[in-house]
Amino acid sequence: MELWLVRHGETLWNREHRLLGWTDPPLTPRGEAQAIRLRGKLPSLPAYSSDLQRALRTALLAGFPSMPTPALREIHFGSLEGALWEELEPRYKEALLRFEGFHPPGGENLEAFQERVFRFLESLTGPALLFTHGGVIRAMLRALGEDALLPPGSAVVLDWPRRVLDRLVPSETQQSAP
């Protein structure tokens, strides 16, 4: 089944390298521009979005009314929410880099997060656009034997659950535009 996974546009916390889960800062002007650049590049398919505003806004700016879907939310980082990556305890950094054994205090463990996402994917009956978050996309890529974190405003196309078909990543000049 063809799935287009779109990571929301940039937020201030993305730019600052903060852990961003269920907190919902708005898109930066650059993030809005990233979303607008997706117009005309995505197929006309049913669209689902995380229910967080940064993903919903990305979908809207890209030209898609989407169905808000809590299952497509990012992992809940609990008390680590908003922590700067460079100040994070090594054990949490290592678990996130491995994408295994991560359980933030007061948050959602990685296994529960993946189960939530994959349960939603099993409910899909046909091709779709999913406006979501970096962790959701990474979990799906890892399930296909790849490991990557797409930059904000990017997309990847999957033949779920078989393989990655293509990537739509903004060029460097687009990345630097405000």
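Here, every reference points to the structure presented above.
Residues numbered from 1 in each chain as written. Predicted model: local features only at pLDDT ≥ 70, side-chain atom pairs only at ≥ 80, totals over all residues. Heavy atoms only, no water.

Some points on the packing of helix α2 (residues 29-37) against helix α3 (residues 53-61)
Axis separation between α2 and α3 bottoms out at 7 Å; the angle between their running directions is 45 degrees. One finds that α2 runs oblique with respect to α3. Where α2 crosses over α3, the handedness of that crossing is right-handed. Residue-level contacts link Glu32, Ala35 and Ile36 of α2 to Arg57, Thr58 and Leu61 of α3. Of the residues belonging to the contact of α2 with α3, the class tally is three nonpolar, one polar and two charged. (Axes fitted to C-alpha atoms, helices over the stretch in contact; angles between N-to-C directions. Helix = DSSP H or I, 4+ residues; strand = E, 2+ residues; numbered from the N terminus. Parallel < 35°, antiparallel > 145°, perpendicular 65-115°, else oblique. Left-handed = near helix turned anticlockwise from the far one by under 90°. Contact = heavy atoms within 4.5 Å. Nonpolar A, V, L, I, M, F, W, Y, C, P; charged D, E, K, R; others polar.)

Overview of the packing of aromatic side chains
Taken as a whole, this structure holds five aromatic pairs when the rule is applied. Measuring from ring centre to ring centre gives 5.5 Å for Tyr48 and Phe120, while their planes differ by 70 degrees; the resulting arrangement is edge-to-face. In this pair, Tyr48 sits in strand β2 (residues 47-49) while Phe120 sits in helix α5 (residues 110-123), placing the two residues 72 residues apart along the sequence. Using a relative accessible area of 24% as the deciding quantity, one classes Tyr48 as partly exposed. Centre to centre, the rings of Phe118 and Trp160 are 5.9 Å apart; their planes meet at 20 degrees, and the pair counts as stacked. Of this pair, Phe118 sits in helix α5 while Trp160 sits in the loop between β5 (155-159) and β6 (163-168), and the two are 42 residues apart along the sequence. On the accessibility criterion, Phe118 (22% relative accessible area) is partly exposed. Residue classification places Trp160 among the buried residues on the basis of a relative accessible area of 12%. (Phe/Tyr/Trp six-rings, centres within 6.5 Å; stacked < 30°, edge-to-face > 60°. Buried < 20%, exposed > 50% of the residue type's maximum accessible area, 1.4 Å probe, protein only.)

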